[in-house]
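The residues making up each chain are set out below.
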Amino acid sequence: MMELVAAPKCLLLSPPLYQRADDHLFPHAKVCESGSPKLISSFSDMCSLHCIACYACQRDFMSSRSRLVRADIFRDDPCVSTCKIWRKSVFLEQCTTNCTITLKNVKSLRVRRLGLFLCDFECTRHCVSLKDHVDGDIDSKFIMNYGGNFVNQGGTNRKRHGDFRVSEAAKMDPSSWNLLIKEYTKKGLHEDGIRVFMEMMDLGVLPDKYTLPCVIQAFTCCQNLRLGRQIHGYVLKMGAGSDIFVNNSLLAMYCKCSSMKNASNVFKGMPKRDVVSFNTLIAGFDESGKPLEALGMLNVMYLGGVKPNLLTCLAALSACASYKLLIHGREIHAFALRNGFVNNEFLTSATIHMYMKCGNWCTAERVFCADSLKNVVSYNIMMSGYVDNRCAMKAMMLFFEMLMHGIEPDSATMVALVASCSELLDLELGRQIHSQVVKHGMHTLKEIETSLIDMYCKCGKAEIGLHLFEKSPNKNLVMWGCIIEGCAQSGQGYKSLDLLRKLHLSGGRADLLAILSGLRVCSSLKHRYFGIELHGFSIKMAYESDVFIGGALTDMYSKCGDIDAARKVFLRLPMKDVISWNAIIAGSLQNGDAELALKCFWDMQAENVSANSVTIACVLAACSHLSLLFYCQQIHGYVLRNGLDSNVLVCNSLISSFARCGGIQHAWAVFRNMPSKDDTSWNSMLLGFGMHGLTDRSLDLFRKMKESGVKPNHTTFAAILSSCSHAGRVEEGWKHFESMKDYGLTPMVEHYTCMVDLLGRAGWLKQAVDLIRQMPSEPDPVVWGSLLGSCKVHRDDNLANYVANRLFELDSENVGYHVLLSNIYADFGRWEAVNSIRAHAKEVGLKKKPGCSWIEVGNEVHVFTAKDRSHCQLEEIYSVINSLTENMKSVGYLPQMQ
């Protein structure tokens, strides 16, 4: 056993006391057992002199002959360090006598509690070491013991590793340094491990093949790309670029820093690659959001003769799950089965996760049922997958099965259960799960609090979600975003914006999801001012180029009526997806520019962006607005080519557009071929038949609708009453109006409007007025306007005057009603009243929009506006009009002057 010489005890009469005056230290005398006082006149002297006594030989040792091993340092002042050597300190000294102590005795003397001695004054250091002749093995053991305990203490001396020294013979041996670097990295003190390496370099100790992987691992944990490139340069300088272990460490470092370009370059330059190299790069591509590259690397690995192992399969399955590559996922699953990776719980969980992410929950069920090593993780993956695939009830049933097998739920289980309640919109079940969460003591966990807030908001109890949020001590950006989105979805838009303001005032920075929620609220509330604020904030946060933010901004400006700003935002987007295109198409249509909406759709096709059902619905609405039957037919062809003809939304839009454009037979063909119909499908077809005066077919379809089990709603009866109105079937209209109560429906304003129009067209003006007076709510201008039109048809000027007065009280700025009343008075020759109405309209600034019409010739739309002479074929058009006028006069036509 190697022996170490030391004094077993050193008694100090008292701890050295210092007082500070004029920035100088004045120490008292320090007395040793031998009785020789050693006066220290300055702080630097204290750093260089140590009065140590050996009981065995009664000798004093000056610092020039001693090796201090333990000293406790407390830095009371940032400028001057005060050394306090405590009464029971243990010192190891080399003595010329036979006073010895073994390594076992050193441990008994609490060497493992060794501190570090560092004096920052004048950059003076006192280094600690063991006896010079201790060999490297004992030094390494001491370092491991010392390093582990020192790191665990984690006190004020954490960064004092630079003062630790091994013996002269061993400090040039890199293995001791490797162990210390590895110990620091293992304990999570990566920067300290790097500092040890730098000091190793300062001493001129050359690293061996084990040093660089340890150091690169420390750099990897720091995730600092700049430092990583520096260590890579050092590796190349040392000529270690061909070592496979070093290269694998470099690969892991670059992948951890998400620098896949550098990782790929390292991989390409490797003279030899093993399965670790491929696994590292595959996992790196997957974690960096590049699953296709990860699978491409798997193919290179297989073709290169390197056999994938279990970790390869795990990384590849994760990549397939990220990109929903079901076919490749099945191939990897089959490979794992062929190579005997069947009974591995990690592989089973990864396989289930992949199938669930790809939407193939049936296969995931089979894998799960065949698993003999079911645990809480596999159950959690199954339940989360069920929720993602909208099978929330299956998730609940699986939870009960889990309890029957005696498996205790964890926090992930509870999150999946709460998400199931959110999907089912089952508040009572959600409350029960909440009680179980509290019972298991999980209610303070962030992820569970967030899921509970989301559940209550989705179930219409946003006030409970707000209460949980305000009471939570764990508020983070995810929770803020959840409550902001929850309030927005539950109709509390202003509260959502208020929370967004509070987040900003509290010092937090809204993330992308919170800004998206705020922009959606601004769109629904048409709150342009706050939307502009969010736009400015998104620019500061560099979110403006994000495709989701760009689409939300486009939609917000469109809903607020600023289509020019919406177009500017849209055109600045570096990448436009289908959502962005939908926003600008819908915005153009909402702002009355159907032609621009169609142009945007053609531009979208030119950029090879595939349309979805929302796009088709918006474009068909634009076609119906312009009455472009030919374009509707083109869109129908596009729908058939792209397999969208089974989509209910698309089919409903086609029925409505064809009906509005005059193609009722096309509408009927689409309706008849629909694989499944909802109430909107039936209502659209009923409206189309009524619009074309096909009342009998409309009523017959209504009868078939009831026979098929579809319950009529308010829109259904509005279509039926409108159809009866166009056909003048008063009695049948009354019958259906009265039958609404049989279906639990209360007539609304639009139903009264249809009935007033029906009675007015039939000349039952008195009954129409009585019906208006019986309305449970205040009649709107549309009801009175319908009656005013009937007064003109049946030439009742007295009732027209009464109706007009009521109209002007409700809507005095509608120029159409003024023109209609003026025409009624003109029919009766009341020109003074006509002039009075026109003068009043001119006085308040009302102007009638010029009449506009358009026709489609040769797939080109020609627009004509009253008094507009800008058409390129103006002369030919007026020549034909004059010829037709002369022909009409020649057969006896006289224009109606009343």
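Residues numbered from 1 in each chain as written. Predicted model: local features only at pLDDT ≥ 70, side-chain atom pairs only at ≥ 80, totals over all residues. Heavy atoms only, no water.

**Let's talk about the side chain of S264**
Condition: Strands here are runs of E lasting at least two residues and helices are runs of H or I lasting at least four, both read from the DSSP assignment and numbered beginning at the N terminus. For the exposure calls, accessible area comes from a 1.4 Å probe over protein chains only, and a residue counts as buried if that area is under 20% of its type's maximum, exposed if over 50%, partly exposed in between. Residue contacts are counted whenever heavy atoms from the two residues lie within 4.5 Å of one another.
Structurally, S264 can be placed in helix α9 (residues 260-268). Note on S264: relative accessible area 16%, which makes it buried. Beyond its immediate chain neighbours, meaning those up to four positions away, S264 contacts L281 and F285.

**Focus: the confidence of the model for the chain**
The cut-off we apply is this: pLDDT: the predictor's confidence for each residue, scored from 0 to 100.
Model confidence for the chain is summarised by a mean pLDDT of 76, while 77% of its residues fall at 70 or above. Segment residues 1-166 is flagged for pLDDT under 50; beyond a separation of four residues in sequence, or across chains, it makes 266 contacts in the model.

**Brief notes about the nonpolar core**
Note the threshold: Within this scheme, the nonpolar core is defined by two criteria: the residues are buried Ala, Val, Leu, Ile, Met, Phe, Trp, Tyr or Cys, and they are joined through side-chain atoms within 4.5 Å.
L281, M383, I483, I585 and I616 are the most contacted members of the largest nonpolar core, which has 187 residues in total. Looking at which element gives the most residues to this core, the answer is helix α12 (residues 310-323), with eight residues. Excluding anything up to four places from it in sequence, I585 contacts A597, C600, F601, M604, T615, C618 and V619. Counting residues in each nonpolar core, the second largest holds 30 residues, with L758, V783, W784 and I824 among its members.

**Remarks on a nonpolar patch on the surface**
Rule in force here: For patches, a residue must show more than 30% relative accessible area and have no salt bridge; joins then use 9 Å for like charges and 5 Å for nonpolar side chains, namely Val, Leu, Ile, Met, Phe, Trp and Tyr. Under the convention used here, a 1.4 Å probe and the Shrake-Rupley method define accessible areas, while residue burial counts only the protein chains that appear. Any carboxyl oxygen of Asp or Glu that lies within 4 Å of a side-chain nitrogen of Lys or Arg is treated as forming a salt bridge with it.
A surface patch of nonpolar side chains, about 460 Å² in accessible area, is lined by M393, M397, F400, L403 and L424. Considering each element in turn, the nonpolar patch owes the most residues, four residues, to helix α17 (residues 392-404).

**Some words on the packing of aromatic side chains**
The geometry of two aromatic rings is summed up by the distance between their centres and the angle between their planes. Worth spelling out the cut-off: Between the rings of Phe, Tyr and Trp (Trp by its six-membered ring), a pair exists once the centres lie within 6.5 Å; its type follows the angle of the planes, with under 30 degrees stacked, over 60 edge-to-face, and the other angles tilted. For a Lys NZ or an Arg CZ to count as sitting over a ring, it must be within 6 Å of the ring centre and within 35 degrees of the ring normal.
Tallying each qualifying case throughout the model produces 19 aromatic pairs. Pairing W668 with F689 gives two aromatic rings, centres 5.8 Å apart and planes at 45°, and the pair type is tilted. Here W668 is found in helix α33 (residues 664-672), whereas its partner F689 is found in helix α34 (residues 679-691), with 21 residues between them in sequence. On the basis of relative accessible area, F689 is assigned to the buried category, the value being 2%. Three or more aromatic residues joined by ring pairs form one cluster here, namely F601, W602, F630, Y631 and Y638. Over the face of the ring belonging to F368 we find K374, whose NZ or CZ atom lies 5.2 Å from the ring centre. Seen from the ring of F469, K475 lies directly overhead, with NZ or CZ sitting 5.3 Å from the centre.

**Description of the packing of α12 against helix α14 (residues 345-357)**
Which entries qualify depends on this criterion: To obtain an axis, a line is fitted to C-alpha atoms, over the contacting stretch when the element is a helix, and the angle between two such axes runs from 0 to 180 degrees between their N-to-C directions. In these notes the angle categories are as follows: under 35 degrees is roughly parallel, over 145 is roughly antiparallel, 65 to 115 is roughly perpendicular, and the rest is oblique. Handedness of each helix crossing follows the sense of rotation of the near helix against the far helix: counterclockwise by less than a right angle gives left-handed, clockwise gives right-handed. Nonpolar residues are Ala, Val, Leu, Ile, Met, Phe, Trp, Tyr, Cys and Pro. Charged residues are Asp, Glu, Lys and Arg, and all others, Gly as well, are polar.
Look at α12 against α14: their axes get within 8 Å of each other, and the N-to-C directions meet at 15°. Judged on the interaxial angle alone, α14 and α12 are roughly parallel. Note that α12 runs across α14; the crossing there is left-handed. Contacts between α12 and α14 pair L310, C313, L314, L317, C320 and A321 from the former with F346, L347, A350, T351, H353, M354 and K357 from the latter. Considered class by class, the residues forming the contact of α12 with α14 number 10 nonpolar, two polar and one charged.

**Some remarks on helix α22 (residues 477-489)**
Note the cut-off: One fewer than the residue count of a helix, multiplied by 1.5 Å, yields its expected span.
Counted at 1.5 Å a residue, the expected span for α22 with its 13 residues is 18 Å, and the 18 Å between its end C-alpha atoms agrees. Every buried residue belonging to α22 is among M479, W480, G481, C482, I483, I484, G486 and C487, and all of these are buried. Along its buried surface, α22 packs onto α20 (446-458), α21 (462-471), α23 (493-505) and α24 (512-525). Looking one or two residues past α22, G491 carries a phi angle of roughly 85°, positive in sign.

**Considering helix α38 (residues 749-761)**
Within an α-helix, residues lying three or four positions from one another point in the same direction, as the helix has 3.6 residues per turn. Helix length check: α38, at 13 residues, gives a terminal C-alpha distance of 18 Å against a target of 18 Å (1.5 Å per residue), a fit within 8%. Of all 13 residues in α38, 10 are buried; the element is thus mostly enclosed. Of all the residues in α38, the buried ones are H751, Y752, T753, C754, M755, V756, D757, L758, L759 and G760. Among the structural elements, α36 (714-727), α37 (730-738), α39 (765-773) and α40 (781-793) are those in contact with the buried residues of α38. Downstream of α38 by a residue or two, G763 has a phi angle that is positive, lying close to 85°.

**Some thoughts on unusual backbone geometry**
Note on backbone geometry: most residues besides glycine have negative phi, and most peptide bonds are trans. Even without being glycine, R390 reaches a positive phi, approximately 60°. Within the element layout of this structure, R390 appears in the loop between α16 (376-388) and α17. Its relative accessible area of 65% is what places R390 among the exposed residues. Not every positive phi belongs to a glycine, and K526 is a case in point at roughly 55°. Residue placement: K526 occurs in the loop between α24 and α25 (528-540). A relative accessible area of 57% places K526 in the exposed class.

**Notes on the pattern of salt bridges**
When the charged atoms of two side chains lie near each other, side chains of opposite charge can form a pair. By the definition in use, this model includes 18 salt bridges. Among the salt bridges present, the one from K559 reaches D555, with a minimum N-O distance of 3.5 Å. A residue pair is termed a helical-turn pair when its members lie 3 or 4 positions apart in one helix, as K559 and D555 do in helix α26 (residues 547-559) at four residues. On the basis of relative accessibility, which here comes to 29%, the residue K559 falls in the partly exposed class. Exposure remark for D555: the relative accessible area of 22% places this residue in the partly exposed category. Among the salt bridges present, the one from E707 reaches R703, with a minimum N-O distance of 3.0 Å. Here R703 and E707 lie together in helix α35 (residues 695-707), a separation of four residues that amounts to about one turn. By relative accessible area, E707 is classed as exposed at 58%. Several salt bridges converge on common partners, so that one network encompasses D700, R703, K704 and E707.

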